[in-house]
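# Breakdown of the fold
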Amino acid sequence: MDGRERVVEASVVGRRGLRSRVPLLLALTAGPAAVEAAVLSWTANRSALGMAPQAAAANPFGVFHDLRWVFVYHDSWLSFAVALLAAIVVRTLLTVAIVIVAWPPERPRPSVRRLAGTGLAVTAATALALAPWTSITVAAGATALSWFSIGAVLALLVLALLLQRGPMTGAWWRGLPPPGAVLWAAATFGALTVGALVVGLGPGWAAVPLAAAAGAVNAPLWQALVRSAVLGRSRLPRLPTVPVVVVVLLLALAGSGLLARSGSRAAARPPPALVQRDGDVTPEQALLYVGGYDSRYDGSTGHLPDPAGRASLPVRRFSYAGLDRQGEPLPYSPADTHQPLTRSAKLLAAQVIEVRRRTDRPVALLAHSEGTLVVRAYLDDGPHPDVDAVALLSPLPQPARVYYPPARARAGWGIATGWQLRIIFGVVATTGGSDLGSDNPFARSLLDEAPRYRDRMLQPVADVRMIAFLPLVDALTNPPGPDPRIPVVVVPERHAMDYGRARTQRLLIAFLDGHSPDPGGDGGYRALRAAGAAWQAPSLAFSLNPVWQTRPSPS
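Residues numbered from 1 in each chain as written. Predicted model: local features only at pLDDT ≥ 70, side-chain atom pairs only at ≥ 80, totals over all residues. Heavy atoms only, no water.

### Here we look at the packing of helix 2 (residues 22–42) against helix 9 (residues 218–231)
The relative placement of two packed helices is expressed as an angle between their axes plus a distance between the axes. Where helix 2 contacts helix 9, the axes come no closer than 8 Å and their chain directions differ by 110°. Between helix 2 and helix 9, the crossing angle belongs to the class labelled roughly perpendicular. Relative to helix 9, the crossing made by helix 2 is right-handed. Residues Val22, Leu25, Leu26 and Thr29 of helix 2 form the contact with helix 9, whose participating residues are Asn218, Ala219, Trp222 and Gln223. Class assignment for the residues of the contact of helix 2 with helix 9 results in five nonpolar, three polar and no charged. (Axes fitted to C-alpha atoms, helices over the stretch in contact; angles between N-to-C directions. Helix = DSSP H or I, 4+ residues; strand = E, 2+ residues; numbered from the N terminus. Parallel < 35°, antiparallel > 145°, perpendicular 65-115°, else oblique. Left-handed = near helix turned anticlockwise from the far one by under 90°. Contact = heavy atoms within 4.5 Å. Nonpolar A, V, L, I, M, F, W, Y, C, P; charged D, E, K, R; others polar.)

This is the structure in structure tokens:
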């Protein structure tokens, strides 16, 4: 037998050995997913089930999975450090075990010690690179704003294209990865998203087997990734690709204040005209518009004129600064929208009474973004006989799913994450962004009084007709949870959509006239909601946070 024949025979034997290790690889990938799903089902934390398939996912998805749990579930600096260190060590051990089992027979495998050293370095570096983006994901859990989730997922995808080969090669931080490795990294992201979709839409009793099946999909993906990284050739091997990309992403995060500034300018514009079209009935209610975060009011412009010059319904503006002595809404600046929600709710109560007194008509509230939280607090705080109907535009269905304590606190759930967000938002503010509010009074009132707002936005209120217009993109920050109990219309738009579109206006006017419009796009919203759960932060249980125990949810 010549040398070539011996190589062929060794390759055949190696492939047989690789096939014999498939059951072990399936156990290493499906087992952790099943265990996590079982724990989440037992603790009734169904909103985080979409994360379970990532329990044994390839780098950096597995590390991102671990960091989100650590960043939400720690209550002191010590517990944060211990949990982070434990997560890095356990992730390294699991990764090394999977790499050993999935190693291709065409190349000699490095020693376990060498793989462990490389794996530990890669896991720690990945955790460091993902830390700011994990904090941004937690911010999305606090505010329910889809902008945060989209930015964090885009950064994760960019890093995944480079870091997925890390555990298999010592030159993981240099050069461009082989095309095959890039392809399989993208395929892993898609598979994990589909896995969350399947688990999220499946029946509750099937959560564990569905999560195990979705986790098992990681097995062939791991095999393909390891093979591509080991056998493929990287390009530009001297280029420090990973450090350069990490720095570029951090600069992009720091410069996102420019985007925040454009969002603030959009929020400051008056609402559009509510145009009556042929066949529309004039609503009997007096309309009161409650603007969102960073909105403003100059004291005179209730709404924008219709571009076509058509007649529009009169819409009064709620003022975050209150009423003057004559009962007129005062001008207010974006800074006034940063006040506690309870104060805004009291100002709204006074203005509702004044509008009813002046018009002798029932009041319909048109609430936008943060304004939906103000309206929710107002409706829960006491009687509201003057309000006949409420329309929620770009509502925040599940805010306050996480927590971090005030800056003066020495301990509390999410304390380390809170300080990371303060640093990030402080840097963003210096680039021209608005006050994103890690500690402003609005943010603190939302975090400290989470039982008042989480899961309650789309629940009915006695004697008030309600409807919600949900932007499709906002499903990304609305993980599976309680089903809406008020009529919901899904519109194919981003967050901060208003009632400017003709279809939205027709549905809104029909609702004010007493009709219940048919919902639209609910199936797509539910699917995107379940798929998006893969990349969100888990919810902090109400029972764990003592701050929330003193603020029970309204009945």
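### As for the pattern of salt bridges
Evaluation of the coordinates by the stated rule reveals 13 salt bridges. Where Asp381 meets Arg452, a salt bridge forms, and the shortest distance between an N and an O atom there is 2.9 Å. Here Asp381 is found in helix 13 (residues 370–381), whereas its partner Arg452 is found in the loop between helix 15 (441–448) and strand 5 (465–471), with 71 residues between them in sequence. A salt bridge links Arg444 to Asp448, with the shortest nitrogen-to-oxygen separation between them at 3.0 Å. With Arg444 and Asp448 both in helix 15 and four residues apart, the pair spans about one turn of that helix. Like Arg444, the residue Asp448 is buried in the burial classification. What emerges from the salt-bridge pattern is a single network uniting Glu328, Glu354, Arg357 and Arg358. (Salt bridge = Lys/Arg side-chain N within 4 Å of Asp/Glu carboxyl O. Buried < 20%, exposed > 50% of the residue type's maximum accessible area, 1.4 Å probe, protein only.)

### A look at the nonpolar core
Core analysis: the biggest nonpolar cluster contains 99 residues, and Leu348, Leu365, Val390 and Trp535 have the highest contact counts within it. In terms of residues, this core owes the most to one element, helix 5 (residues 112–143), which gives 11 residues. Beyond its immediate chain neighbours, meaning those up to four positions away, Leu365 contacts Leu288, Leu348, Val352, Val375, Tyr378, Val387, Ala389, Val390 and Ala391. Listed in part, the 20 residues of the second largest apolar core include Leu274, Tyr289, Leu313 and Val491. (Core = buried A, V, L, I, M, F, W, Y, C linked by side-chain atoms within 4.5 Å.)

### Some details on the packing of aromatic side chains
Two descriptors summarise a pair of aromatic rings, namely the distance from one centre to the other and the angle between the planes of the rings. Counting across every chain of the model gives 13 aromatic pairs. Ring geometry for Phe61 and Trp535: centres 5.9 Å apart, planes at 55°, overall tilted. Of the two residues, Phe61 is situated in helix 3 (residues 61–72) and Trp535 in the loop between helix 17 (522–532) and helix 18 (546–549); the sequence distance between them amounts to 474 residues. Residue Phe61 is classed as buried on the basis of its relative accessible area, which comes to 0%. Relative accessible area serves as the criterion here: at 6%, Trp535 is assigned to the buried category. Relative to Tyr320, the ring of Phe318 has its centre 5.0 Å away and its plane inclined at 65°; by these criteria the two rings are edge-to-face. The exposure class assigned to Phe318 is buried, which follows from its relative accessible area of 0%. By relative accessible area, Tyr320 is classed as buried at 1%. Connected via pairs of aromatic rings, a cluster forms that spans Tyr297, Phe318, Tyr320 and Tyr332. (Phe/Tyr/Trp six-rings, centres within 6.5 Å; stacked < 30°, edge-to-face > 60°.)

### Brief notes about the sheet that holds strand 2 (residues 315–317)
Sheets are built from strands paired through backbone hydrogen bonds, the pairs being either parallel or antiparallel. Spatially, the six strands line up as an open sheet ordered 2-1-3-4-5-6, and their pairing is parallel. Both outer strands of the open sheet, strand 2 and strand 6 (488–491), are each paired with one neighbouring strand and no more. The average angle at which neighbouring strand axes cross in this sheet is 20°, direction not considered. Where strand 1 (residues 286–290) meets strand 3 (residues 363–368), five bridges bridge the pair, whose relative direction is parallel. Following the sheet pairing, Leu287 is matched in strand 3 by Ala364. Along the sheet face, helix 16 (residues 502–512) touches strand 1, strand 3, strand 4 (387–393), strand 5 and strand 6 and points at about 170° away from the line of strand 5. (Pairing = 2+ DSSP bridges.)

### Concerning a nonpolar patch on the surface
Together, Leu85, Val89 and Leu93 give the surface a local cluster of nonpolar side chains, amounting to about 290 Å² of exposed area. For Leu93, the location among the structural elements is in helix 4 (residues 77–102). (Patch = residues over 30% accessible without salt bridge, like charges linked within 9 Å, V, L, I, M, F, W, Y side chains within 5 Å. Areas by Shrake-Rupley, 256 points an atom, 1.4 Å probe, with all protein chains shown as cover.)

### Examining the confidence of the model for the protein
Here the protein shows a mean pLDDT of 88. Residues at 70 or above account for 91%. Mean pLDDT per element in the protein: helix 1 (residues 3–20) is the minimum at 53, and helix 3 is the maximum at 98. Within the model, the stretch residues 5–14 combines pLDDT values under 50 with four contacts to residues more than four positions away or in other chains. (pLDDT = per-residue confidence, 0-100.)

### Some thoughts on the pairing of strand 5
Summarising burial for strand 5: six of the seven residues are buried, a large majority. In the sheet, strand 4 pairs with strand 5 via five bridges, with the strands oriented parallel. Each residue of the ladder has a partner; that of Leu392, found in strand 5, is Ala468. Sheet analysis places strand 5 next to strand 6, joined by four bridges and oriented parallel. Directly across from Phe469, in strand 6, lies its bridge partner Val489.

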